[in-house]
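Residue-level structural notes
For reference, the chains in residue letters:
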Amino acid sequence: LFCEAGAYVVGTINPELYKFPEDKSETDFPEGNIGRLWFSVEYKQASERLLISLIKARKLQPPADSCSPFVKIYLLPDERCYLQSKIKRKTLNPQFDEDFVFQVSSKTLLQRTLKFLVYHVDKQKHHHLLGQVIFPLKNETLTDDSKVVVWRDLEKENLESPSEYGDIQFSLSYNDYLGRLTVVVLRARGLKLQDESRAVSVYVKVSLMNHNKLVRSKKTASVLASPNPEYNESFSFKANQTELDTASLSLSVLQNTEQKSRMLGRVVVGPFMYSRGKELEHWNEMISKPKELVKQWHALCYST
């Protein structure tokens with residue numbers, strides 16, 4: 001246990017309770033997959049406890065021949081406090097079957113995010129990060145006696161240091177048949193927050209522009225102030241194929257303060273008329289791969 005009061009390991013659970021029908025999730029692994037994690041989440045309203053059952057992982061990809069995995073579990077935005085599973089020796093397909101509890105108030109529950117870090121321990125006791133799963137709780141219906149069992153594929157952690165004003169990760173997709181442009185705001189990192197002592201929050205505003213004129217704006221939910229907020233929110237805009245040459249998307253990261261919103265940084269993606277470099281590449285890749293979600297990190301620029 002590496003945590004203060006309010007989060008603790010419960011002990012071993014009965015794996016029979018979590019046996020669900022064998023499905024494609026056990027066999028259907030996409031190309032480039034680095035492993036998959038199964039867990040369940042439940043919230044006890046009366047005691048304000050978030051119950052997490054770590055069930056298993058499959059097809060882990062260690063740096064060496066053998067693998068001795070374990071998992072650290074965080075409840076973001078608190079990066080200091082985590083709970084840890086037992087180490088499973090010499091297996092790429094560990095069965096964990098362990099229960100964990102975080103104490104979290106119902107007021108902030110839906111602004112929190114679970115982060116699972118899966119590690120391999122080598123013979124010299126060095127820890128190698130194999131991948132992570134990010135699970136924002138706002139997308140889930142968490143009620144008493146409602147155990148949500150889910151699986152997620154591991155993602156590689158972005159180890160590059162953030163740019164000056166931070167970075168934002170989002171996916172773009174264009175459906176040429178429906179004339180629909182979709183933006184999935186995933187997460188930001190390395191934000192330079194102001195007034196960190198106050199209970200401030202951060203949100204992202206997504207604006208569709210045409211000829212530099214605003215067509216439509218949409219906002220994510222606000223997330224408790226963290227330099228690394230998680231969103232996982234999807235927005236769609238109507239845009240005909242003919243408009244794509246003059247359209248652009250502006251994503252602004254804003255911090256709520258008592259009086260007003262303060263800009264922390266923004267990025268513009270679009271055709272050659274409005275963007276260059278990674279931003280132009282992302283836009284062009286979206287157009288060249290219709291209906292596919294194209295994911296990329298972008299550096300935020302500061303503009304008033």
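What comes next is a walk through the structure. Values in this document were obtained by computation on a predicted structure and should not be read as measured data. (Residues numbered from 1 in each chain as written. Predicted model: local features only at pLDDT ≥ 70, side-chain atom pairs only at ≥ 80, totals over all residues. Heavy atoms only, no water.)

1. Focus: the packing of aromatic side chains
Aromatic rings in a pair are described by how distant their centres are and how their planes are angled relative to each other. Defined as follows: Pairing of aromatic side chains requires ring centres within 6.5 Å, counting the rings of Phe and Tyr and the six-membered ring of Trp. Pairs whose planes differ by under 30 degrees are stacked, by over 60 edge-to-face, and all others tilted. A run of H or I in DSSP counts as a helix once it spans at least four residues, and a run of E counts as a strand once it spans at least two, with each numbered from the N terminus. Only protein chains enter the calculation, and the probe is 1.4 Å; a residue is then buried if its accessible area is under 20% of its type maximum, exposed if over 50%, and partly exposed in between. For a ring to carry a charge above it, either NZ of a lysine or CZ of an arginine must fall within 6 Å of the ring centroid while also lying within 35 degrees of the normal to the ring plane.
Per the stated rule, a full pass over the model turns up 5 aromatic pairs. Considering the side-chain rings of F39 and F116, the 4.4 Å spacing of their centres and the 35° angle between planes classify their relative orientation as tilted. Remark: F116 occurs in strand β7 (residues 113–121) and F39 occurs in strand β2 (residues 36–44); sequence separation between them is 77 residues. Taken as a pair, F39 and F116 share a single burial class, namely buried. For the pair F70 and Y119, a centre-to-centre distance of 5.3 Å together with 15° between the ring planes defines the contact as stacked. Within this pair, whereas F70 is found in strand β4 (residues 69–76), its partner Y119 is found in strand β7, the two being separated by 49 residues in sequence. Residue classification places F70 among the buried positions, given a relative accessible area of 0%. Classification of Y119 by relative accessible area gives buried; the value is 12%. Grouping aromatic residues by their ring pairs yields a cluster made of F39, F116 and F135. The positively charged end of K56 is found above the aromatic ring belonging to W38, 4.6 Å away from the centroid. Over the ring of F237 we find K218; its NZ or CZ atom is 5.0 Å from the centre of that ring.

2. Quick word on the pattern of salt bridges
A side chain with one charge can pair with a side chain of the opposite charge if their charged atoms come near. What counts here: One side-chain nitrogen of Lys or Arg within 4 Å of one carboxyl oxygen of Asp or Glu is enough to make a salt bridge.
Applying the stated rule across the entire model yields 8 salt bridges. R36 is the partner of D153 in a salt bridge, and the nearest nitrogen-oxygen pair spans 2.5 Å. Of the two residues, D153 sits in strand β9 (residues 148–153) while R36 sits in strand β2, which places them 117 residues apart along the sequence. Across the pair K44 and E42 runs a salt bridge whose closest N-O atoms are separated by 3.3 Å. One continuous salt-bridge network, built from bridges that share partners, spans E155, R187, E230 and K295.

3. Brief notes about helix α1 (residues 277–288)
The cut-off we apply is this: The span expected for a helix works out to 1.5 Å for each residue beyond the first. In this description, the arc belongs to the directions extending from the helix axis to the C-beta atoms. Note on contacts: a residue pair is in contact if any heavy atoms of the two residues lie within 4.5 Å.
A rise of 1.5 Å per residue sets the reference length of α1, with its 12 residues, at 16 Å; its end C-alpha atoms lie 16 Å apart and thus fit the reference within 8%. Turning to α1, its buried residues are E279, L280, H282, W283 and M286. The buried residues of α1 occupy an angular sector of 160° when projected down its axis, which confines them to one face. For α1, the exposed residues set more than 90 degrees away from the buried face come down to E281 and S288. Contacts from the buried residues of α1 go to β10 (167–175), β11 (180–189), β16 (247–256), β17 (261–269) and β18 (294–299).

4. Notes on the environment of V150
Along the polypeptide, V150 turns up in strand β9. Sequence-wise, V150 and L37 are 113 residues apart; in three dimensions their C-alpha atoms are separated by 8.4 Å.

5. Brief notes about the pairing of strand β12 (residues 201–210)
Consecutive side chains along a regular strand alternate between the two faces of the sheet. Condition: For two strands to pair, DSSP has to find at least two bridges joining them.
Judged by how many residues are buried, β12 sits mostly within the fold: 9 of 10 residues are covered. Pairing of β12 with strand β14 (residues 223–224), which is carried by 2 bridges, proceeds in the antiparallel orientation. Residue pairing in the sheet places S201 in a bridge with L224 of β14. Bridge count for β12 against β16 is 10 bridges, and the pairing is antiparallel. Across the sheet, residue V206 finds its bridge partner in β16, namely L251. Between the end of β12 and the start of strand β13 (residues 213–219), which pair antiparallel, lie 2 residues, with H211 showing a positive phi angle near 50°.

6. Side note on the sheet that holds β7
Selection criterion: Inter-axis angles, ranging from 0 to 180 degrees, are taken between N-to-C directions of lines fitted to C-alpha atoms, where helices are fitted over the stretch in contact.
One open sheet accounts for 4 strands, arranged β5-β4-β7-β8; its pairing is antiparallel. Edge positions in the open sheet fall to β5 (82–84) and β8 (127–136), since each of these has one partner strand only. Each adjacent strand pair in this sheet contributes to an overall mean axis angle of 20°, direction not counted.

7. A closer look at the nonpolar core
As a reminder of what qualifies: We call a set of buried residues a nonpolar core when its members are Ala, Val, Leu, Ile, Met, Phe, Trp, Tyr or Cys and they connect through side-chain atoms within 4.5 Å of each other.
With 33 residues, the main nonpolar core has L37, L50, F102, L114, F116 and L137 as its most contacted residues. Every element with two or more residues in this core is listed here: β2, β3 (49–58), β4, β6 (95–103), β7, β8 and β9. Ignoring anything within four residues of it in the chain, the contact list for F102 reads G6, A7, E48, R49, L50, I52, I73, Y74, L75, L83 and L114. Core analysis: the second largest hydrophobic core is formed by 30 residues, L181, V223, L251 and L300 among them.

8. Thoughts on the side chain of H120
Here is the rule we go by: In protein, a polar contact requires one atom able to donate a hydrogen and another able to accept it; more generally it is a pair of N or O atoms within 3.5 Å, and residues adjacent in sequence count only if both atoms are side-chain atoms.
With respect to the element layout, H120 can be found in strand β7. A residue is classified by how much of its surface remains accessible, and H120, at 2% relative accessible area, is buried. For H120, the side chain forms a polar contact with the main-chain nitrogen of S68, separated by 3.1 Å. Once you skip the residues sitting within four places of it in the chain, H120 turns out to touch P62, P63, S66, C67, S68, P69, H126, H127, H128 and L130.

All we've got here are geometric facts, nothing functional implied.
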